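Each chain is listed here by its residues.
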Amino acid sequence: EVCYQDATTPWDRGQHPPGLEEWMAHHPPGTILVPGCGRGHDARQLARYGFGVTAIDLSSRAVDEAQKASGDLGIEFVAADLFALPEDWAGRFDYVWEHTCFCAIHPSHRPDYVRSMHRVLQSQGQLGGLFFIHEPEEVGGPPYKMPRQQLLGYFHPHFAIVREKQPQHHLEGRENQEVLITFSKNG
């Protein structure tokens, strides 16, 4: 909350990442959750393409700013703790879109994130995202960068990889630091 109040949000580049366009090209619109939505850049782009978007952030200031910037796009913005989502959200979403949320979570809480996203997805739902990858693991953060195998270890056995690739285009300064992965919910 303090970061948004003080306008010290270096992760916010003022736009959605180009990798989101690549992800959307392979996924028909459906219901989607955007955790850690910040000012809502990704949520707005998804809504413009016809997705039914619910976007959450721990910061109520970020949610307020996102709502104001989104006009009548029909996005549901919610100030919420992604580790304590409403019970009636179980199985609610076709998709989750992830960018700069997972890397901001301390590694000790990442299994909780995976379980929470697994719970809100419908059967065969998919989690897509741009993930920060770094060999070897970087100590400290956020962002907490990690090797690819460590990332995959967090999602196994709850998810299986559907598609993985380097995005063709990146936000400036993130070249060769992100991988675009789509996971499918198991079980």
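First things first, this report covers the structure right here in the doc. On a predicted model such as this, the values are computed, not experimentally measured, just so you know.

### Let's talk about the sheet that holds strand β6 (residues 159–165)
Spatially, β3-β2-β1-β4-β5-β7-β6 is the arrangement adopted by the 7 strands of the open sheet, whose pairing is mixed. Edge positions in the open sheet fall to β3 (76–79) and β6, since each of these has one partner strand only. Ignoring which end each strand starts from, the neighbouring axes of this sheet average 20° apart. Alignment of strand β1 (residues 31–34) against strand β4 (residues 93–99), held across 2 bridges, turns out to be parallel. Bridge pairing in β4 links Ile32 to Tyr95. Of the strands in this sheet, β1, β2 (52–57), β3 and β4 touch helix α3 (residues 41–48), which is tilted by about 175° from β2. Contacting β1, β4, β5 (121–132), β6 and β7 (178–185), helix α5 (residues 110–120) crosses the sheet at an angle of about 140° to β5.

### Overview of the environment of Arg44
Position of Arg44 among the secondary structure elements: in helix α3. Sequence separation between Arg44 and Leu73 is 29 residues, and the spatial gap between their C-alpha atoms is 7.2 Å. When neighbours within four sequence positions are excluded, Arg44 is seen to be in contact with Arg39, Ala66, Ala69, Ser70, Leu73 and Ile75.

### Observations concerning the pattern of salt bridges
Under the definition given, this model contains 6 salt bridges. As a salt-bridge pair, Arg148 and Glu164 come within 2.6 Å of each other at their nearest N and O atoms. Placement of Arg148 in helix α6 (residues 148–155) and of Glu164 in strand β6 is noted, with a sequence separation of 16 residues between them. On the basis of relative accessibility, which here comes to 30%, the residue Arg148 falls in the partly exposed class. Residue Glu164 is classed as partly exposed on the basis of its relative accessible area of 30%.

### Here we look at α3
When you tally the buried positions in α3, you get 7 out of 8 residues, the bulk of the element. Buried within α3 we find His41, Asp42, Ala43, Arg44, Gln45, Leu46 and Ala47. On its buried face, α3 sits against α2 (18–24), β1, β2, α4 (60–70), β3 and β4.

### Examining unusual backbone geometry
The step from His156 to Pro157 runs through a cis peptide bond, and the omega angle for that step is 5°. Within the element layout of this structure, Pro157 appears in the loop between α6 and β6. For Gln124, which is not glycine, the phi torsion reads 70° and is therefore positive. When its relative accessible area of 57% is taken as the criterion, Gln124 is described as exposed.

### Notes on the nonpolar core
Leu33, Phe102, Tyr113, Leu127, Phe131 and Phe155 are the most contacted members of the largest nonpolar core, which has 28 residues in total. Taken together, the elements giving at least two residues each to this core come down to β4, α5, β5, α6 and β7. Within the second largest apolar cluster, 20 residues are counted, among which are Phe51, Val53, Phe77 and Leu130.

### A closer look at the side chain of Ser116
Mapped onto the elements of the fold, Ser116 is located in helix α5. Since its relative accessible area comes to 8%, Ser116 is described here as buried. Sequence-distant contacts of Ser116, defined by excluding residues within four places in its chain, comprise Leu82, Phe83 and Leu85.

Basis of the calculations
- Residues numbered from 1 in each chain as written.
- Predicted model: local features only at pLDDT ≥ 70, side-chain atom pairs only at ≥ 80, totals over all residues.
- Heavy atoms only, no water.
- Pairing = 2+ DSSP bridges.
- Helix = DSSP H or I, 4+ residues; strand = E, 2+ residues; numbered from the N terminus.
- Axes fitted to C-alpha atoms, helices over the stretch in contact; angles between N-to-C directions.
- Contact = heavy atoms within 4.5 Å.
- Salt bridge = Lys/Arg side-chain N within 4 Å of Asp/Glu carboxyl O.
- Buried < 20%, exposed > 50% of the residue type's maximum accessible area, 1.4 Å probe, protein only.
- Core = buried A, V, L, I, M, F, W, Y, C linked by side-chain atoms within 4.5 Å.

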